[in-house]
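Given next are the chains, with one letter for each unit.
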Amino acid sequence: MDQIIYMDNAATTKPRKEVVEAMMPYLEEYYANPSSIYGIAMENQKVIQESRKFIAETLGAEPEEIYFTAGGSEADNWALKGVAHANREKGRHIITTKIEHHAVLNSCRYLEEEGYEITYLNVDEKGRIFLNELEEAIREDTILVSIMAANNEIGTLEPIREAASIVKAKEVLFHTDAVQMYGQMPLDVNYLKTDLLSASGHKFRGPRGSGFLYVRKGTKISPFINGGGQEHGMRAGTENTAAIVGMAKAAELAFRTMNYRMRKETYHRNYLIRRILNEIPWVKLNGHPYYRLPSNANFCFEGIEGESLLILLDMKGICASAGSACTTGNTEPSHVLNAIGLDDKTADASLRLTLNEDITRKDLDYVVEVLKESVQSLREMSG
Ligand SMILES: *Cc1c(COP(=O)(O)O)cnc(C)c1O
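Residues numbered from 1 in each chain as written. Predicted model: local features only at pLDDT ≥ 70, side-chain atom pairs only at ≥ 80, totals over all residues. Heavy atoms only, no water.

Visitor: I'd like a rundown of the overall build of the protein chain, residues and numbers included.
Guide: What the protein chain contains, in helices and strands, is 13 helices and twelve strands. Compactness check: the protein chain gives a C-alpha radius of gyration of 21 Å against a globular reference of 21 Å for 383 residues, within 12% of the reference. Along the three orthogonal principal directions, the C-alpha set of the protein chain runs to about 65 × 55 × 35 Å. Of all 383 residues assigned to the protein chain, the portion counted as buried reaches 57%. Contacts in the protein chain between residues at least 24 apart in sequence constitute 73% of all its contacts with a sequence separation of at least 6. A total of about 16,700 Å² of accessible surface is found on the protein chain, and carbon and sulfur atoms cover 51% of it. Charged side chains of the protein chain number 43 positive and 54 negative; the gap between the two group centres comes to 4 Å. (Helix = DSSP H or I, 4+ residues; strand = E, 2+ residues; numbered from the N terminus. Rg over C-alpha atoms; globule rule 2.2 N^0.38 Å. Buried < 20%, exposed > 50% of the residue type's maximum accessible area, 1.4 Å probe, protein only. Contact = heavy atoms within 4.5 Å. Areas by Shrake-Rupley, 256 points an atom, 1.4 Å probe, with all protein chains shown as cover. Lys, Arg positive; Asp, Glu negative; His and termini not counted. Charge placed at Lys NZ, Arg CZ, Asp CG, Glu CD.)

This is how it looks when you write it as structure tokens:
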């Protein structure tokens, strides 16, 4: 295959050329430990602080409120476990949703084994939480509410500002997994009233293994990795300067191009959705038609298997995803699609196409033609 059409940007994104270039000096020349006290080490310390300051500004946060991690999963684990452990005297009840990423859900399962009690909120058929159910779920002993900003499978945007208002009125901490939203849409921690926020570099064209947790000043949270004094003694380990610099460069470019990308991707996404719904029979859009990430399209094609469709698409040079990439390899139906009311068979018939700004109208026309043929031939095969 001479050219691939990469439509799996919710799973990971291609690092920008400028990102790789910004990282190289910190892998080659400035390799020193940032904690050392000679020139090439101090250069590391300086660039880490600049990166922290830049990332903080993109969120309306203070630099001391940004803690670098090795990705979104780590940030989510830390937010959940760190707040649970530091506030266990206040209570052991946590509220989250049924559609969170496994980094949040499995951290909750872990905490359940430690004796915490978790409430998993329902979502409607478009994937949005019910604010009244949230309000009713908050108890005297609730210490944390964690609701994702945007869902990685169906792209639905959650009403996190409204949710956080309800939660903060009851003096409970609020965390949002914003991994799918940070770098794609504007986010402001004060407007949203969030206490903690997770993000991941490789979801906005930065390097894999980079990420951060925003923690509002004064929030009670335990350190995540014990060791040296890095990250204010909260997350020990010699800093991954190259990853941090790469993520900050990716953030810079993401925010500079955000308006353009949002417009272009929304336009293309709507074009793709319209054509698929109009031209392929027995297909349904999953997720919300309007409260939706600009880059996300997710469909069910009745009577086929998403996995078989992926193979046909791959043969035509199209990279896509059935359900969530994180669950690929096991045949469990997607918990997100189940939560919006799809039975296992319908959930298995799903396909996620996630765009970036490089996708052209011509690419989309090709994808639609391949989809039409592939869906038809799979349906004919299954009789
Ligand atoms: C990708 C993703 C994560 C995990 O981030 P990693 O950096 O891959 O660990 C967490 N939450 C959501 C919503 C994601 O899409």
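Don't stop here, the text continues.
Visitor: Account for the packing of helix α1 (residues 17–28) against helix α8 (residues 241–256), with residues named and values stated.
Guide: Running from N to C, α1 and α8 point in directions that differ by 155°, and their axes come no closer than 8 Å. Between α1 and α8, the interaxial angle falls into the category roughly antiparallel. Handedness of the crossing formed by α1 with α8: right-handed. From α1, Glu-18, Val-19, Ala-22, Met-23, Tyr-26 and Leu-27 reach across to α8, where they touch Thr-241, Ala-242, Ala-243, Val-245, Gly-246, Lys-249, Ala-250 and Leu-253. Along the lines of polarity and charge, the residues of the contact of α1 with α8 split into ten nonpolar, two polar and two charged. (Axes fitted to C-alpha atoms, helices over the stretch in contact; angles between N-to-C directions. Parallel < 35°, antiparallel > 145°, perpendicular 65-115°, else oblique. Left-handed = near helix turned anticlockwise from the far one by under 90°. Nonpolar A, V, L, I, M, F, W, Y, C, P; charged D, E, K, R; others polar.)

Visitor: Talk me through the pairing of strand β5 (residues 142–146); I want residue IDs and the actual numbers.
Guide: For β5, a buried count of five out of five residues is recorded, marking the element as mostly surrounded by other parts of the structure. Of the strand pairs in this sheet, strand β3 (residues 93–97) and β5 are connected by three bridges, and their pairing is parallel. Paired with His-93 across the bridge in β5 is Thr-142. Pairing geometry for β5 and strand β6 (residues 173–177), over three bridges, is parallel. Its bridge partner being in β6, Leu-144 is matched across the sheet by Leu-173. (Pairing = 2+ DSSP bridges.)

Visitor: Could you give an account of helix α9 (residues 258–279), with specific residues and numbers?
Guide: With 22 residues, α9 extends 31 Å between its outermost C-alpha atoms, agreeing within 8% with the 32 Å of an ideal straight helix rising 1.5 Å per residue. Buried residues belonging to α9 abut α8, β9 (283–285), β10 (296–301), β12 (350–354) and α13 (361–381). (Expected span 1.5 Å × (residues − 1).)

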